[in-house]
Structures are given as C-alpha cells and as structure tokens.
Amino acid sequence: MKGYIFNITLNADRSCGGDVLYFVEHKLFPAWAEHRGWERPKLLRIPTPMEDGITLALQFELESAEHLSGFDLASDPLVSRIQQVYGDKVLFYPTLMEIIG
C-alpha cells in the first residue's frame, strides 16, 4: 500500500479541554472528513500520564500528498476560531507521514 497518513495532533489545556473536544467532535472533524481525497478519517484521544488537558489526533489517509494542496492549517477558519477563543491554550501539530510498508 502506497500513500500518506496526514495527522493533526492538538493539545488543549485542562481549562478548555471539554469545550475543545466538543468543537472538534461536532465541527472540525466532520468538516475535515469532507475534504476531497482525505480518506478513512479517525478521531483519536491520546492518553497522557499527567492528564493536564486533552490531546487528540485527527488522522486521514491520502493516496497522494497533492490532496493537501490548498490546505493551510493556520488559515483554516475552524482552527482560526479555536485560536481566537483560546489562544495558546490549544496547540496544533500537523504531521505528514509516507507509508513505505
């Protein structure tokens, strides 16, 4: 199988974790699952030892990295909305991984 995994990990502070989880589950994840070429969407919670907030991963399989063309995490309106409300209490970390085996 060839292709890519596009993963966006986000970490939210305890003070806003519940609100952010709700927003991601009901707004962000469904919207991103509609992107053309973003297949087999998964929303994952990443347990952390300290549980000082919430860490989530949104994961998509891509046949080609071209499916990310035009996507800019920093200017995505839903990401911008989260950042406007919570500022640096919510951090996003995008990762593109190539499937080699």
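Everything numeric in this text was worked out from a predicted model, so none of it was measured.

K.L.:
I keep staring at the overall build of the protein chain and nothing clicks. Help me out?
P.N.:
Helix and strand counts for the protein chain stand at two helices and four strands. Ordered by position in the sequence, the α and β elements of the protein chain form the string β-α-β-β-α-β. With the C-alpha coordinates aligned to their principal axes, the bounding extent of the protein chain is approximately 40 × 30 × 20 Å. In the protein chain, which comprises 101 residues, the proportion classed as buried is 37%. Within the protein chain, residue pairs in contact and separated by at least 24 positions form 72% of the contacts whose partners lie at least 6 positions apart. Summed over all atoms, the accessible surface of the protein chain reaches about 6300 Å², with 53% contributed by carbon and sulfur. In the protein chain, 9 side chains carry a positive charge and 14 a negative one; their mean positions are 3 Å apart.

K.L.:
Even after reading the chapter, I still don't get unusual backbone geometry, so can you show me in this structure?
P.N.:
For Arg40, which is not glycine, the phi dihedral falls at a positive 45°. Examined against the element boundaries, Arg40 turns out to sit in strand β2 (residues 39-45). Classification of Arg40 as partly exposed rests on a relative accessible area of 48%.

K.L.:
I keep staring at the pattern of salt bridges and nothing clicks. Help me out?
P.N.:
Side-chain pairs of opposite charge can arise where the charged atoms are in close proximity. Per the counting criterion, the structure on display carries two salt bridges. A salt bridge links Glu61 to Arg40; the nearest nitrogen and oxygen atoms lie 2.9 Å apart. In this pair, Glu61 sits in strand β3 (residues 53-62) while Arg40 sits in strand β2, placing the two residues 21 residues apart along the sequence. Taking relative accessible area as the criterion, Glu61 reaches 13% and is therefore assigned buried. Residues joined in a network through salt bridges with shared partners are Arg40, Lys42 and Glu61.

Definitions and limits used
Residues numbered from 1 in each chain as written. Predicted model: local features only at pLDDT ≥ 70, side-chain atom pairs only at ≥ 80, totals over all residues. Heavy atoms only, no water. Helix = DSSP H or I, 4+ residues; strand = E, 2+ residues; numbered from the N terminus. Buried < 20%, exposed > 50% of the residue type's maximum accessible area, 1.4 Å probe, protein only. Contact = heavy atoms within 4.5 Å. Areas by Shrake-Rupley, 256 points an atom, 1.4 Å probe, with all protein chains shown as cover. Lys, Arg positive; Asp, Glu negative; His and termini not counted. Charge placed at Lys NZ, Arg CZ, Asp CG, Glu CD. Salt bridge = Lys/Arg side-chain N within 4 Å of Asp/Glu carboxyl O.

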